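Architecture and fold: a report
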Amino acid sequence: AGLRYDHVHYAFANSLPAGSTRYKQQETNNFNILAPKLGLTYDLGANNGLYANYSIGFQPPETSSLYSSRQLTPLTQATFNNYEAGGWYTTSDKKLYAELSLYDMEGHNEIISQLMPDNTTQNQNAGATRHRGVEYSISYAPLPVLSLRFNGTNALHTYINYSEVRSNAAGKSYSIAYNGNRMNNAPAWIANTEITWRPLFAPGFRLATEWQHIGGYFTNAANTKSYPGYNVYNLRTGYQFKKRTLKGVGVWLNVLNLADKLYATTVTGNQYGDTYNAAPPRTYTLGISYAISKY
């Protein structure tokens, strides 16, 4: 059990003239919270166990959001009620290790980016959001030369109480509620898998292939636009010298986005369409390392 107190005090003063800065001139803000944390861990032995915990999270606004001249909406701190339970398991032969975690997190006044009618963004506090999901990790080594790793999360991120203000052609403002909608830019499935081969005939050599998956997600709060996500494959290889003359020297070559796939790391919807942040094309990284040992 634990109890934590956070207090954040900002006293912002801008010495630049109002006409030559994109930040506000002067503002003072205070954010604080007294938050408990309760947890339980039970060790079943043989590297197996269970755990459960409850905690309250705290997130004050960033200074770049608070004091930007474009930020017209006052921001308050966000809090999160988080419930989590899970466990870990290892087989008797130590070849398989697995972790599983279930969580339910409800956010209050969560700070999100809102698209304005002039196509600019404005941060604001959402009334309430909910994040429910499962996280899992599996490591398996069927052979001394071969190992597999799989990590993933399946989650549902929804607006519980959230609305945006819009203006019609006549200039009148109106509110649109998105209660129950999926949060934008929140994939339902994220996964990462890697298979590594370390041949016995070449001690120190490793070759690994990696699969990165980002599932589809909505690009706007209205859930009328979406992006299908992407799959990316990477290749990683390296060699650690074992001979005395070069001991401690390592070289590696990584090829990221092996298939040279065209995809976007993030996609944001706006009133004119979607904005795509393009990912890098196929990228090669060559590196050399040296570890100093006293022996």
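Placed above this text is the structure.
In this report, the structure presented in the accompanying data block is examined. (Residues numbered from 1 in each chain as written. Predicted model: local features only at pLDDT ≥ 70, side-chain atom pairs only at ≥ 80, totals over all residues. Heavy atoms only, no water.)

This part is about the overall build of the chain. When helices and strands are counted, the chain shows one helix and 18 strands. By the compact-globule yardstick of 19 Å for 295 residues, the chain is too spread out, its C-alpha radius of gyration being 25 Å. For the chain, the spread of C-alpha atoms along the three principal axes comes to 75 × 45 × 45 Å. By the burial criterion, 33% of the 295 residues in the chain qualify as buried. Contacts in the chain between residues at least 24 apart in sequence constitute 56% of all its contacts with a sequence separation of at least 6. In the form shown here, the chain has an accessible surface area of approximately 18000 Å², with 58% of it arising from carbon and sulfur atoms. Considering the chain, the positive charge centre built from 24 side chains and the negative charge centre built from 17 side chains are found 10 Å apart. (Helix = DSSP H or I, 4+ residues; strand = E, 2+ residues; numbered from the N terminus. Rg over C-alpha atoms; globule rule 2.2 N^0.38 Å. Buried < 20%, exposed > 50% of the residue type's maximum accessible area, 1.4 Å probe, protein only. Contact = heavy atoms within 4.5 Å. Areas by Shrake-Rupley, 256 points an atom, 1.4 Å probe, with all protein chains shown as cover. Lys, Arg positive; Asp, Glu negative; His and termini not counted. Charge placed at Lys NZ, Arg CZ, Asp CG, Glu CD.)

So, about the environment of Ala-188. Structurally, the position occupied by Ala-188 is in the loop between β9 (173–177) and β10 (189–197). Considered as a pair, Ala-188 and Val-267 are 79 residues apart in the sequence and their alpha carbons are 15 Å apart. Those residues within four positions of Ala-188 in sequence are excluded, and the remaining contacts are Thr-153, Asn-154, Ala-155, Arg-182 and Gly-216.

What follows deals with unusual backbone geometry. Phi at Asn-47 is positive, roughly 60°, even though this residue is not glycine. Relative to the helices and strands, Asn-47 resides in the loop between β2 (26–45) and β3 (48–59). A positive phi angle is found at Asn-109, which is not glycine, with a value near 60°. Within the element layout of this structure, Asn-109 appears in strand β5 (residues 96–115). Judged by its relative accessible area of 31%, Asn-109 is partly exposed.

Mapped onto the elements of the fold, Phe-31 is located in strand β2. Setting aside chain neighbours within four positions, we find Phe-31 in contact with Asp-6, His-7, Val-8, Tyr-10, Phe-58, Pro-60, Pro-61, Leu-66, Leu-75, Thr-76 and Gln-77.

The next subject is the nonpolar core. Core analysis: the biggest nonpolar cluster contains nine residues, these being Ile-214, Tyr-217, Tyr-227, Tyr-230, Val-232, Tyr-263, Ala-264, Val-267 and Ala-279. For this core, the secondary-structure elements that each account for two or more residues are β14 (230–240) and β16 (264–270). In contact with Tyr-227, other than residues within four places in its own chain, are Gly-216, Tyr-217, Thr-219, Tyr-263, Ala-264, Val-267 and Tyr-276. Residues Tyr-159, Tyr-162, Ala-186 and Ala-221 belong to the second largest nonpolar core, which totals eight residues. (Core = buried A, V, L, I, M, F, W, Y, C linked by side-chain atoms within 4.5 Å.)

By themselves, these are just geometric observations and shouldn't be taken as functional.
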